Amino acid sequence: DTAVSQTPKYLVTQMGNDKSIKCEQNLGHDTMYWYKQDSKKFLKIMFSYNNKELIINETVPNRFSPKSPDKAHLNLHINSLELGDSAVYFCASSQSSGSYEQYFGPGTRLTVT
Amino acid sequence: LAKTTQPISMDSYEGQEVNITCSHNNIATNDYITWYQQFPSQGPRFIIQGYKTKVTNEVASLFIPADRKSSTLSLPRVSLSDTAVYYCLVAPSGSARQLTFGSGTQLTVLP
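Below is a summary of the structure that appears in this document. (Residues numbered from 1 in each chain as written. Chains lettered and ligands numbered in written order. Predicted model: local features only at pLDDT ≥ 70, side-chain atom pairs only at ≥ 80, totals over all residues. Heavy atoms only, no water.)

**With respect to the overall build of chain A**
This is how the line gets drawn: For the purposes of this entry, the term helix denotes a DSSP run of H or I that reaches at least four residues, the term strand denotes a run of E that reaches at least two, and both are numbered from the N terminus. It is over C-alpha atoms that the radius of gyration is taken, and the globule rule equals 2.2 Å times the number of residues to the power 0.38. By definition in these notes, contact holds between two residues if any of their heavy atoms fall within 4.5 Å. For every accessible area listed, the method is Shrake-Rupley and the probe measures 1.4 Å; residues are considered covered only by the protein chains on display. Charge assignment in this entry is limited to Lys and Arg as positive and Asp and Glu as negative, and neither His nor the chain termini are counted. By convention, the charge on Lys lies at NZ, on Arg at CZ, on Asp at CG and on Glu at CD.
Across its full length, chain A holds zero helices and 11 strands. Relative to the globule expectation of 13 Å for 113 residues, the C-alpha radius of gyration of chain A, 13 Å, shows essentially globular dimensions. Summarising its shape, the C-alpha atoms of chain A cover approximately 35 × 30 × 25 Å along the three principal directions. For chain A, the proportion of contacts with a sequence separation of at least 24, taken over those separated by at least 6, is 55%. Looking at chain A as shown, the accessible area adds up to about 5600 Å², and 48% of this sits on carbon and sulfur atoms. Averaging the locations of the 12 positively and 11 negatively charged side chains of chain A gives two centres separated by 7 Å.

**Brief notes about the packing of aromatic side chains**
Residue and element names in this part refer to chain A. To keep things clear, this is the line we draw: Aromatic rings from Phe, Tyr and Trp, with only the six-membered ring used for Trp, were paired whenever their centres fell within 6.5 Å, and each pair was classed as stacked if the ring planes differed by under 30 degrees, edge-to-face if by over 60, and tilted otherwise. Each residue is assigned to one of three classes by its accessible area relative to the maximum for its type, calculated with a 1.4 Å probe on protein chains only: buried under 20%, partly exposed between the two thresholds, exposed over 50%.
Overall, the coordinates contain 12 aromatic pairs over all chains when judged by the stated rule. Here phenylalanine 90 and phenylalanine 104 contribute two aromatic rings whose centre-to-centre distance is 6.4 Å and whose plane-to-plane angle is 80°, an arrangement assigned as edge-to-face. Within this pair, whereas phenylalanine 90 is found in strand β9 (residues 87-94), its partner phenylalanine 104 is found in strand β10 (residues 103-104), the two being separated by 14 residues in sequence. Take phenylalanine 90 and phenylalanine 104: they sit in the same class, and that class is buried.

**Some words on the nonpolar core**
All names here are of chain B. Stated precisely, the cut-off is as follows: Here, the term nonpolar core denotes a set of buried Ala, Val, Leu, Ile, Met, Phe, Trp, Tyr and Cys residues that are joined through side-chain atoms within 4.5 Å.
Ile33, Trp35, Ile47, Leu73, Leu75 and Tyr86 are the most contacted members of the largest nonpolar core, which has 20 residues in total. Those elements giving two or more residues to this core turn out to be β2 (18-23), β3 (31-38), β4 (45-50), β6 (61-64), β7 (70-75), β8 (84-92) and β9 (105-110). Not counting residues up to four positions away in its chain, the partners in contact with leucine 73 are Val18, Asn19, Ile20, Trp35, Ile47, Ile48, Ala60, Ser61, Leu62 and Tyr86.

**Quick word on the interface of chain B and chain A**
Put simply, the test is: Summed over both partners, the accessible surface that disappears when two parts come together, traced with a 1.4 Å probe, is what is meant by buried area. One speaks of a salt bridge when a side-chain nitrogen belonging to Lys or Arg is within 4 Å of a carboxyl oxygen belonging to Asp or Glu. Think of a polar contact as two N or O atoms within 3.5 Å of one another; within protein, one of them needs to be a possible hydrogen donor and the other a possible acceptor, and neighboring residues in sequence only count if both atoms come from side chains.
Between chain B and chain A, the residue contacts involve 22 residues of the former and 20 residues of the latter. For the pairing of chain B and chain A, the buried interface totals around 1600 Å² over both sides, and the portion due to carbon and sulfur atoms is 55%. Where chain B packs against chain A, one counts zero salt bridges. The interface formed by chain B and chain A holds six residue pairs in polar contact (both at pLDDT 80 or more) in total. When contributions to the side of chain B that touches chain A are tallied by element, the ones reaching two or more residues are β3, β4 and β8 of chain B.

**A short note on the pairing of β9(B)**
All names here are of chain B. Operational definition: At least two DSSP bridges between two strands are needed for those strands to be called paired.
Where burial is concerned, the two faces of β9 differ: the one with Thr105, Leu107 and Val109 is buried and the one with Gln106, Thr108 and Leu110 is not. Two strands pair when backbone bridges link them, and strand β1 (residues 9-13) and β9 are joined in this way by five bridges, in the parallel orientation. From the neighbouring strand, aspartate 11 faces β9, where its bridge partner is threonine 108. Bridge analysis of β8 against β9 gives three bridges, and the strand direction is antiparallel. Among the inter-strand pairings, valine 85 is bridged to a residue of β9, identified as glutamine 106.

**Things to note about the state of the cysteines**
Residues and elements named next belong to chain B. In plain terms, the rule: Criterion for a disulfide: a pair of cysteine sulfur atoms within 2.5 Å.
A complete count under the given rule lists two disulfides over all chains for this structure. Each sulfur in the disulfide pair cysteine 22 and cysteine 88 lies 2.2 Å from the other. Residues cysteine 22 and cysteine 88 are joined by a disulfide whose S-S torsion is about -80°; by sign, that bridge is left-handed. Of this pair, cysteine 22 sits in strand β2 while cysteine 88 sits in strand β8, and the two are 66 residues apart along the sequence. Comparing cysteine 22 with cysteine 88, the two get one shared label, buried.

**Overview of unusual backbone geometry**
Put simply, Thr7(A) and Pro8(A) share a cis peptide bond, and its omega is -5°. Summarising the element assignment, Pro8(A) is placed in the loop between β1 (4-7) and β2 (10-13). Although it is not a glycine, Arg68(B) sits at a positive phi angle of roughly 60°. Overall, Arg68(B) belongs to the buried group, its relative accessible area being 8%.

Written out as structure tokens, the structure reads:
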């Protein structure tokens, strides 16, 4: 009965590879997000989707491509991985795009070697 | 965007009340104040949100003075399990885009 789940929890890969992280929420929320938390623990929003429509696209390299097949899922695909992509990626959801109460997943720790 | 300033770290003992103050001098009229908690290796968790005066829920209280240039998160009778990073966020109403997490306050509760 996990509210927001992500897979995988850990991802170790080499530079240049392409990888995906999946996220699912069972809260019936309209809005989903991807955040990146770097080694200094700063958490920054990357993308947000509202009812499968992209509403936030921060200054993120276009190697990162989110996809929302339906309201309950928001996946993140990363092409040509770089060392600087190593971080913890959090998925989150909220009832609406204006809600501050966001529910976060457990995170995916991505390590690029 | 209103910038927030919080202490980098705080220590407390079990059973004490802990107050974490956040400064947001350039808060705008339509900004709300939100606090999140993050345990190691977990995603942040929403604690409380307010606009002015006092807000209380089952976890914490949030005190906001009339000028709204600061806010204080109050955790009653902390336990070891309250050891976490606490983030103060200020963002305009209806704008998830502006939800920016700063460096937070590392609270360590000691036995």
